[in-house]
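Geometric and topological summary
Okay, here's what each chain looks like letter by letter:
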Amino acid sequence: MTITFADLTTMRVGGPIGRLYVPETTPEAVELLRQATAAGDPLLVMGGGSNLVVGDVGWDGTVVRMATSEFGIDGELLTVAAGVEWDNVVKAAVEAGLSGLEALSGIPGLVGGTPVQNVGAFGTVTSDVLDSLTVYDRQTGRVERWTPDRCGFGSHRQSVFKHSDRWVVVEVTYRLRRSGQSRPIEYAELAKRLGIEVGGTASPADVREAVLVLRRSRAMVLDPEDHDTWSVGSFFINPVLAEVPESARECPRYPDVKGTKLPAAWLIERAGFSRGYGLEWGDGTVALSSRHALAVTNRGGATTSEVMKFAAHIRAGVEARFGIRLGPECDLVNCSF
Ligand SMILES: Cc1cc2nc3c(=O)[nH]c(=O)nc-3n(C[C@H](O)[C@H](O)[C@H](O)COP(=O)(O)OP(=O)(O)OC[C@H]3O[C@@H](n4cnc5c(N)ncnc54)[C@H](O)[C@@H]3O)c2cc1C
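This section reports on the structure supplied with the text. (Residues numbered from 1 in each chain as written. Predicted model: local features only at pLDDT ≥ 70, side-chain atom pairs only at ≥ 80, totals over all residues. Heavy atoms only, no water.)

1. Digging into the sheet that holds strand β2 (residues 43–46)
What counts here: Each pair of strands is called paired provided DSSP finds at least two bridges between the two strands. Only DSSP runs of H or I reaching four residues or more are called helices, and only runs of E reaching two or more are called strands; each is numbered from the N terminus. To get an axis, a line is fitted to the C-alpha atoms, and for a helix only the part in contact is used. The angle between two axes follows their N-to-C directions and goes from 0 to 180 degrees. Throughout, a residue-residue contact means that at least one pair of heavy atoms, one from each residue, lies within 4.5 Å.
Taking strand neighbours across the sheet as the criterion, the three strands line up as β1-β4-β2 in an open arrangement whose pairing is parallel. For this open sheet the edge positions go to β1 (17–21) and β2, each flanked by a neighbour on one side alone. The average angle at which neighbouring strand axes cross in this sheet is 25°, direction not considered. By the bridge criterion, four bridges tie β1 to strand β4 (residues 59–65) in an arrangement that is parallel. Looking at β4, one finds that Arg 19 is bridged to Thr 62. Strands in contact with helix α2 (residues 26–39) are β1, β2 and β4; relative to β2, the strand with the most contacts, it is inclined by about 155°.

2. Thoughts on the packing of aromatic side chains
Here is the rule we go by: Working definition: rings of Phe, Tyr and Trp (its six-membered ring) pair if their centres are within 6.5 Å, and the pair is stacked with planes under 30 degrees apart, edge-to-face with planes over 60 apart, and tilted otherwise. Think of it in three bands: residues with accessible area under 20% of the maximum for their type are buried, residues over 50% are exposed, and the middle band is partly exposed, with areas taken using a 1.4 Å probe on protein chains only. A positively charged side chain is recorded as over a ring if its NZ (Lys) or CZ (Arg) lies within 6 Å of the ring centre. The angle to the ring normal must also be within 35 degrees.
All chains considered together, the criterion is met by 10 aromatic pairs. Taking the centre distance of 4.9 Å and the plane angle of 70° together, the rings of Phe 273 and Tyr 277 count as edge-to-face. A relative accessible area of 7% means that Phe 273 is categorised as buried. Judged by its relative accessible area of 22%, Tyr 277 is partly exposed. Aromatic ring contacts, followed pair by pair, group Trp 146, Phe 161 and Trp 167 into a single cluster. Directly above the ring of Trp 230 sits Arg 12, whose terminal nitrogen or CZ lies 4.0 Å from the centroid.

3. What about the site of the ligand?
Keep this limit in mind: We call a residue near a given molecule or strand whenever any one of its heavy atoms falls within 4 Å of it. Here a polar contact means two N or O atoms within 3.5 Å. Within protein one must be a hydrogen donor candidate and the other an acceptor candidate, and residues neighboring in sequence count only if both atoms are side-chain atoms. Per-residue and other accessible areas follow the Shrake-Rupley method at a 1.4 Å probe size, with only the shown protein chains counted as cover for residues. Under the convention adopted here, Pro, Cys and the residues Ala, Val, Leu, Ile, Met, Phe, Trp and Tyr are nonpolar, Asp, Glu, Lys and Arg are charged, and Gly plus all remaining residues are polar.
Residues in contact with the ligand amount to 31 residues; listed here are only the nearest, Val 45, Gly 47, Ser 50, Asn 51 and Asp 331. The backbone of Gly 120 places a nitrogen or oxygen atom 2.7 Å from a nitrogen atom of the ligand. When isolated, the ligand has an accessible area of 970 Å², and the protein chains bury 93% of it. When contributions to the shell around the ligand are tallied by element, the ones reaching two or more residues are β2, β8 (120–121) and β12 (167–175). At three residues, β12 tops the list of elements feeding residues into the shell around the ligand. Tallied by class, the residues present in the shell around the ligand amount to 15 nonpolar, 13 polar and three charged.

4. Digging into the sheet that holds strand β14 (residues 240–241)
With antiparallel pairing, three strands are arranged side by side in an open sheet as β14-β16-β15. Strands with a single pairing partner mark the edges of an open sheet, and in this sheet they are β14 and β15 (254–256). Bridge count between β15 and strand β16 (residues 259–261): three bridges; the pairing is antiparallel. Looking at the pairing, Pro 255 lines up with Thr 260 of β16.

Here it is in structure tokens:
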């Protein structure tokens, strides 16, 4: 039976995979990566497929899907292999009395993906809690231990790993705190749900619970029965602009090292695309989530080309209204819009 990206990604679109390898230990993963690189075969590394959209043509090469599982706690350091499911790490940290990851509860995908786009939610980003990581460098063939300053974090959702196939993350160490109190909660909606002031703290277990409730209300926790979650989360990235055009003067804005960050969801909704938009559009296979304007969703039976056509339609509407061109937050492979 041919395995396709539709089988292995959360958007559930994408064509066939040439050769699929699923390494279960870190040494096995490194050896596979070494062999595939030496063979000169096109190589795509993936985790949970929750931030990845691949074209209907698929990938005529090797795919390494990380399934490594090493996991260890040493004091306040949590070291985990790239193939471990992210939310299991958050749960284990909370249960072990370690504080720091709780706001990142419920995010799909695997550990190796977290530094790639400096995954974040509710005011915490991966780089806040990252101690170090181990990468396999496909150019030199070396396995190296990196501190966060080498990772190119800074601007929203950026890192040196994004859009580069040179480095594969094989292991990540998070620096947490042995504490009954969470990191300060800076996100107003979460603070309200916890009944605390912005900047206050709560127990990591309570924060995890509250985050999961809020995420479920936005269809941001995977549920195979719920098409609003057949997505890559935020499909479009919040644009960072050197100058905000007059047309977007009412848009909320946030500082970013590269300029001013605008919420793409605000731009999309104000350009006339409400949540759920598209249910009657095209063939009805693709629509914005009915609970989150940034999530492009597969309503069942969508193809990648339908997703791309839909994304281009949304982008054109936002550009016509505000003169701002949205780009993808997810990784697009063998497809574009
Ligand atoms: C419902 C939903 C909600 C989401 N909510 C959030 C959110 O709140 N915040 C947020 O930041 N993201 C969110 N996301 C996006 C996604 O979950 C994260 O980006 C996640 O970290 C991706 O991990 P993954 O293992 O699925 O990566 P994949 O989708 O498999 O891969 C994504 C990219 O990373 C690369 N990659 C994967 N593993 C490695 C590795 N070990 N080494 C090098 N490169 C690698 C791949 O080649 C690809 O380019 C959401 C997605 C969904 C579907």
